[in-house]
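Coordinate inspection notes
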Amino acid sequence: KLFIKDLHFDEVPVRIYLPRVPSASKRRGVVFFHGGCGMFGSIRSHERICRYIARSSDSVVVSVGYRLSPEHEYPAQTLDCLIATVHFLKTAENYGVDPDRIIVCGDSVGGTFAATICQELINRRDIPKIRAQVLIYPFLQALNFNLPSYQKNAFIAFLSRERTVHFILKYLKKDCSMKEAILAGSHVPESMNLKSRKWINPDLIPEIFKLGYKPPLPTSFLPQVHEETKELFETRLSPLLAEDAVVRHLPDTCIITCEYDVLRDDGLLYKKRLEDNNVKVTWYHVEEGFHCALAFFGYGIFSFPSSSKMVNNTVNFIK
């Protein structure tokens, strides 16, 4: 049902999935960024997902094979995703796509890239506007690793609280011995804590998601750790820190969160921020879902009901 081609968009490898059935009008396009902490995953690892989205939503899907860390230093990953997206926005009609109906989509760090790209492109006048973004259990902030979802799911398989910070440090090619200090929040200066409190704060999370939550003990600020990890405060890594002037111009958004995921509250906080800025948000919460569940989609008996739920929610939103 699909033509599948491997191409390069301005030197960035992509795989494009084009429905074979002719279409009376131009189709919508979906730019997909795979998850994997910026260090794992590939076009191949998300092949089943992209095929299914292309077939089920009758869309042209472009899967981006961005360069991986640590071989390629941050922010090469974000830049590759940005370059591929801009190229597609400019050339969409060559693939039978309506340039005004292009959606960016990603899971985990792919969701981070999607959120970042929407923020970075809002002021571009030379290319069509992104129509919508789909963020599947995205990572959106590197300030507070003590939110209720981090406490509740601290030891969950695939992405524990400790591994989250370990992977971030690895991704940025930083010394992993700083992990404990960052988990405690010692990398955040008081001025930044005060500023970000209106966006990253357990008080902003609905009560139903805070059962058993215990506020962490105060910790002392470590200037040397802050100096070493300044990238954590960039909106490319922490899109939740974008100013309201940026957030209010973001496109329609679909956020998918999972109950058994340390990153659940990142999604909930971004949902609130977008809604507070009058951005239209569609939210799906997968009760039995967990981080990485999407990667099991399409593997028969090894697949999970939550995997199908997430992909079908994505397709429904795209349609």
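Computed from a predicted model, the values in this text were never measured in an experiment. (Residues numbered from 1 in each chain as written. Predicted model: local features only at pLDDT ≥ 70, side-chain atom pairs only at ≥ 80, totals over all residues. Heavy atoms only, no water.)

**A closer look at the overall build of the protein chain**
Summing up its helical and strand segments, the protein chain has 11 helices and 8 strands in all. Against the 2.2 N^0.38 benchmark of 20 Å for 319 residues, the protein chain shows a C-alpha radius of gyration of 19 Å, consistent with a compact globule. Reported as C-alpha extents along the three principal axes, the dimensions of the protein chain are approximately 60 × 45 × 40 Å. Contacts spanning at least 24 positions in sequence make up 76% of the contacts within the protein chain whose residues lie at least 6 apart. Carbon together with sulfur atoms contributes 54% to the accessible area of the protein chain, which is approximately 14,000 Å² in total. Of the side-chain charges in the protein chain, 40 are positive and 35 negative, and the distance between the mean point of each set is 5 Å. (Helix = DSSP H or I, 4+ residues; strand = E, 2+ residues; numbered from the N terminus. Rg over C-alpha atoms; globule rule 2.2 N^0.38 Å. Contact = heavy atoms within 4.5 Å. Areas by Shrake-Rupley, 256 points an atom, 1.4 Å probe, with all protein chains shown as cover. Lys, Arg positive; Asp, Glu negative; His and termini not counted. Charge placed at Lys NZ, Arg CZ, Asp CG, Glu CD.)

**Points about the domain arrangement of the protein chain**
In terms of domain boundaries, the protein chain breaks down into domain 1 (2–142 + 237–318) and domain 2 (148–230). Here the C-alpha centroids of domain 1 and domain 2 sit 25 Å apart. Carbon and sulfur atoms supply 70% of the area buried between domain 1 and domain 2, which totals about 2,900 Å² over both sides. Three residues, L241, V262 and L269, lead the burial of domain 1 against domain 2; their summed loss comes to 21% of the area buried on that side. Taken together, domain 1 and domain 2 are joined by 3 salt bridges. Measuring nitrogen to oxygen at the nearest pair gives 2.6 Å for the salt bridge that ties K195 to E243. Joining domain 1 to domain 2, the criterion identifies 11 residue pairs in polar contact (both at pLDDT 80 or more). Broken down by secondary-structure element, the contributors of at least two residues to the side of domain 1 that touches domain 2 are α2 (76–91), β7 (252–260), α10 (264–276) and β8 (281–290). By residue number, the principal contributor to the side of domain 1 that touches domain 2 is α10, which donates 7 residues. Tallied by class, the residues present in the side of domain 1 that touches domain 2 amount to 21 nonpolar, 7 polar and 10 charged. (Domains from an automatic or database assignment. Buried area = accessible area lost by both parts, 1.4 Å probe. Salt bridge = Lys/Arg side-chain N within 4 Å of Asp/Glu carboxyl O. Polar contact = N/O pair within 3.5 Å; in protein donor to acceptor, adjacent residues only side chain to side chain. Nonpolar A, V, L, I, M, F, W, Y, C, P; charged D, E, K, R; others polar.)

**Observations concerning the UniProt feature "domain: Alpha/beta hydrolase fold-3" (unreviewed entry) in the protein chain**
When the UniProt feature table is mapped to this numbering, "domain: Alpha/beta hydrolase fold-3" (unreviewed entry) covers residues 30–174 and 232–293. Across residues 30–174, the secondary structure splits into 39% helix and 17% strand, with the terminal C-alpha atoms separated by 33 Å. Taken end to end, residues 232–293 comprises 27% helix and 31% strand; its first and last C-alpha atoms sit 26 Å apart. (UniProt positions renumbered as here; feature names shortened; annotations may be inferred.)

**Notes on the packing of α2 against helix α3 (residues 109–121)**
At their nearest, the axes of α2 and α3 sit 10 Å apart, and the two run at 60 degrees to each other. Taken together, the axes of α2 and α3 lie oblique to each other. Read as a crossing pair, α2 and α3 show a hand that is right-handed. Residues Q77, T78, C81, L82, T85, V86 and L89 of α2 touch α3, and the partners they reach there are F113, T116, I117, E120 and L121. Residue composition of the contact of α2 with α3, grouped by class: 7 nonpolar, 4 polar and 1 charged. (Axes fitted to C-alpha atoms, helices over the stretch in contact; angles between N-to-C directions. Parallel < 35°, antiparallel > 145°, perpendicular 65-115°, else oblique. Left-handed = near helix turned anticlockwise from the far one by under 90°.)

**Focus: the sheet that holds strand β1 (residues 2–9)**
Two orientations exist for strands paired in a sheet by backbone hydrogen bonds: parallel and antiparallel. Overall, mixed pairing links the 8 strands, which are arranged β1-β2-β4-β3-β5-β6-β7-β8 in an open sheet. Of all strands in the sheet, those with a lone pairing partner are β1 and β8, marking the two edges. Taken pair by pair, the neighbouring strands of this sheet meet at an average axis angle of 20 degrees, ignoring direction. As paired elements, strand β2 (residues 12–19) and strand β4 (residues 60–64) share 4 bridges and run antiparallel to each other. Each residue of the ladder has a partner; that of I16, found in β4, is V62. In the packing of helix α1 (residues 47–57) onto the sheet, the strands contacted are β1, β2, β3 (27–33) and β4, and the crossing angle to β2 comes to about 35 degrees. Its contacts with the sheet put α2 on β1, β2, β3, β4 and β5 (97–107), and the angle it makes with β3 is roughly 170 degrees. (Pairing = 2+ DSSP bridges.)

**Remarks on the packing of aromatic side chains**
Counted by the stated rule, this structure contains 14 aromatic pairs. Ring geometry for F145 versus Y150: centroids 5.4 Å apart, planes at 80 degrees, classification edge-to-face. Assessed through its relative accessible area of 1%, F145 is described here as buried. Taking the centre distance of 5.6 Å and the plane angle of 15 degrees together, the rings of F158 and F290 count as stacked. In this pair, F158 is assigned in the loop between α4 (148–152) and α5 (161–171) and F290 in strand β8, connecting sequence segments 132 residues apart. What makes F158 partly exposed here is its relative accessible area of 40%. Lying across the ring of Y299, R48 places its NZ or CZ 3.9 Å from the centre. Against the face of W199 rests R273, its NZ or CZ located 4.1 Å from the ring centre. (Phe/Tyr/Trp six-rings, centres within 6.5 Å; stacked < 30°, edge-to-face > 60°. Buried < 20%, exposed > 50% of the residue type's maximum accessible area, 1.4 Å probe, protein only. Lys NZ or Arg CZ within 6 Å of the ring centre and 35° of its normal.)

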